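What the coordinates show
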Amino acid sequence: MRNTRDTQSLFELSRPGRRAARLPACDVPEREITDLLPADAVRQAPPELPELSEPQIIRHFVNLSTQNMSVDTHFYPLGSCTMKYNPKRNERAAAMPGFAELHPYQDESTLQGMLAILYEMQEMLQEISGLPACSLQPAAGAQGEFTALLVAAAYFQDLGETRTKILVPDNAHGTNPASAVMAGFEAVTVQTSAAGYVDMEDLAAKLDEQVAVLMITNPSTLGLFEPNMQQIAEQVHAVGGLVYLDGANMNAILGITQPGAFGVDMQHYNPHKTFSGPHGGGGPGAGPICVTEKLAPYLPAPIIVKELRVAKELRVASCESRERKESRVTSCESREQATAAHNPQLATRNSKLPYFRLDTNRPKSIGRVRAFFGNVGVLLRAYVYIRTHGPAGLRRVAENAVLNANYLLSRVQHILPVPQGNRCMHEFVASASELKRQQNISAMDLAKRLLDYGYHAPTVYFPLTVPEAMMIEPTESEGKETLDAFAETLFRITEESAELLHEAPHTTPVSRPDEVRAARQPVLVWNG
Ligand SMILES: *Cc1c(COP(=O)(O)O)cnc(C)c1O
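Residues numbered from 1 in each chain as written. Predicted model: local features only at pLDDT ≥ 70, side-chain atom pairs only at ≥ 80, totals over all residues. Heavy atoms only, no water.

A word on the pattern of salt bridges. A full pass over the atoms with the stated rule returns 23 salt bridges. Salt-bridge contacts for Lys364 lead to Asp158; the nearest nitrogen and oxygen are separated by 2.8 Å. Separated by 206 residues along the polypeptide, Lys364 in the loop between β9 (352-359) and α15 (376-412) and Asp158 in helix α7 (residues 141-159) bring together distant segments of the chain. What makes Lys364 partly exposed here is its relative accessible area of 44%. (Salt bridge = Lys/Arg side-chain N within 4 Å of Asp/Glu carboxyl O. Helix = DSSP H or I, 4+ residues; strand = E, 2+ residues; numbered from the N terminus. Buried < 20%, exposed > 50% of the residue type's maximum accessible area, 1.4 Å probe, protein only.)

Per the counting criterion, the structure on display carries 10 aromatic pairs. Arranged with centres 5.0 Å apart and planes meeting at 65°, the rings of Tyr155 and Phe156 form a pair that is edge-to-face. Here Tyr155 falls in the buried class, since its relative accessible area comes to 11%. On the basis of an interplanar angle of 50° and a centroid distance of 6.5 Å, the ring pair of Phe275 and Tyr385 is categorised as tilted. (Phe/Tyr/Trp six-rings, centres within 6.5 Å; stacked < 30°, edge-to-face > 60°.)

Below, the discussion takes up the environment of Pro77. By secondary structure assignment, the location of Pro77 is in the loop between α3 (54-65) and α4 (88-94). Between the C-alpha atoms of Pro77 and Asp202, which are 125 residues apart in sequence, the distance is 33 Å. Not counting residues within four places of it along the chain, the set of residues in contact with Pro77 comprises His456, Pro458, Thr459, Met471, Ile472, Glu473, Pro474 and Phe486. (Contact = heavy atoms within 4.5 Å.)

Let's shift gears to the site of the ligand. Taken together, 13 residues sit near the ligand, with Ser80, Gly141, Asp246, His272 and Lys273 positioned nearest. Note that an oxygen atom of the ligand is positioned 2.7 Å from one of the side-chain N or O atoms of Ser80. Between the ligand and His272 there is a distance of 2.8 Å, counted from an oxygen atom to a side-chain nitrogen or oxygen. Sorting the residues of the shell around the ligand by element identifies α7 and α11 (271-274) as the ones contributing at least two each. Residue contributions to the shell around the ligand peak at three residues, all from α7. Grouping the amino acids of the shell around the ligand by side-chain chemistry returns three nonpolar, seven polar and three charged. (Near = heavy atom within 4 Å. Polar contact = N/O pair within 3.5 Å; in protein donor to acceptor, adjacent residues only side chain to side chain. Nonpolar A, V, L, I, M, F, W, Y, C, P; charged D, E, K, R; others polar.)

Here is the structure:
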């Protein structure tokens, strides 16, 4: 157990007058704040801020940062969430001043480097999905789902069709039915069979011309590739519906197959999962979507487009934006002519250069779903990851993700049976129901005890179709020793007494909080 002082709040540590920095004496005439600000903008009393020394502040935050688990400190096999290692080169690239210090209100002509990268990102995502159009705007996977469903709604409205239903298999992520309802549709559940695949009879019974979209996660959250995918897509298309892929599990199929090739009309990506962006406590995500040609006009605007412009036009445009910024009024066109007169080479050169433009003239677009261009910091990290690996490397990512998951499956299935079989894609769902019956040890007990041994717990009790579920995703970034040690630890835990496990974890700052209450009634303000 850690020293309790580590968990005291800054307000509890505060002592009047204590300071972390001393400001130099003021060397300009002092003015009353009320001379500078309107009366209603001036506080009546100073804010109640904690008063601390610099070492206290540093220790407080560094200690706090070690009280949680992270991919940098622990193995983190959290199924569905793809907690893979976040390469530090992504961070360095995203922090480069040329990116980090841009402002989204800057003139487009001064953002060409960033726009070029985002444009390439659109192209790479299109290539990976086999779908020809893309929007980088959505800020998370769930918002990507929602955005794509708005795109579908606009498409059907244009066709003059009113379709009200979205089909969602019962092992889908909770965000799928939630997005369907938020986009104004009715979410209809399709059963999956005991083997974990879409129940084709149930699908046939629910498919009709009221169905706008089937949302499918493939590979599924059970870590299975849907064997009837092509047939499912054909049947949805036969009633005029669209197929949406929840692309959270793209890390299993990168470079091996393209969703566009198995009948998908639209999909989102989770760059923070598939392409190694930090997420969860580590930062925000993104949820770019790719769609087929016929859906492209409805994508959120603006889209980044590439044009070829004559070099001279580019120089004039960048000159004009500079002049505007400096509030000077000169004719860039005439200056260009003057320069050209002195430099005959420039005058004759008619070479064309790429120019990246924000295309806002998209009359059928559903409009914006987020400010500016999306979460560019996350997209930049993903861009670096994709470029680092290249096409062959991305395929190896998928192969290793699948290899690691199968290796771990084969090591744990004798203690935690996997109801859906002995092969998987990038993750698998094991069940603790035998253990529960025989030894009164639940998935929750195992998950909690793993924390004591320095492992982040797998996802538990999801999907709901597997009793005492433990959804394990090792990711491709782990070595064999880590997987072996994890499997051995799981085994060791099953040999421990149920009493000990019911009280676990024993070594963490907080043991078993009331999780429902913590989620429903979080205490976000300090009111001591
Ligand atoms: C993570 C995940 C989502 C939601 O993505 P966010 O980026 O967290 O909004 C949707 N579906 C599946 C299968 C996921 O794993």
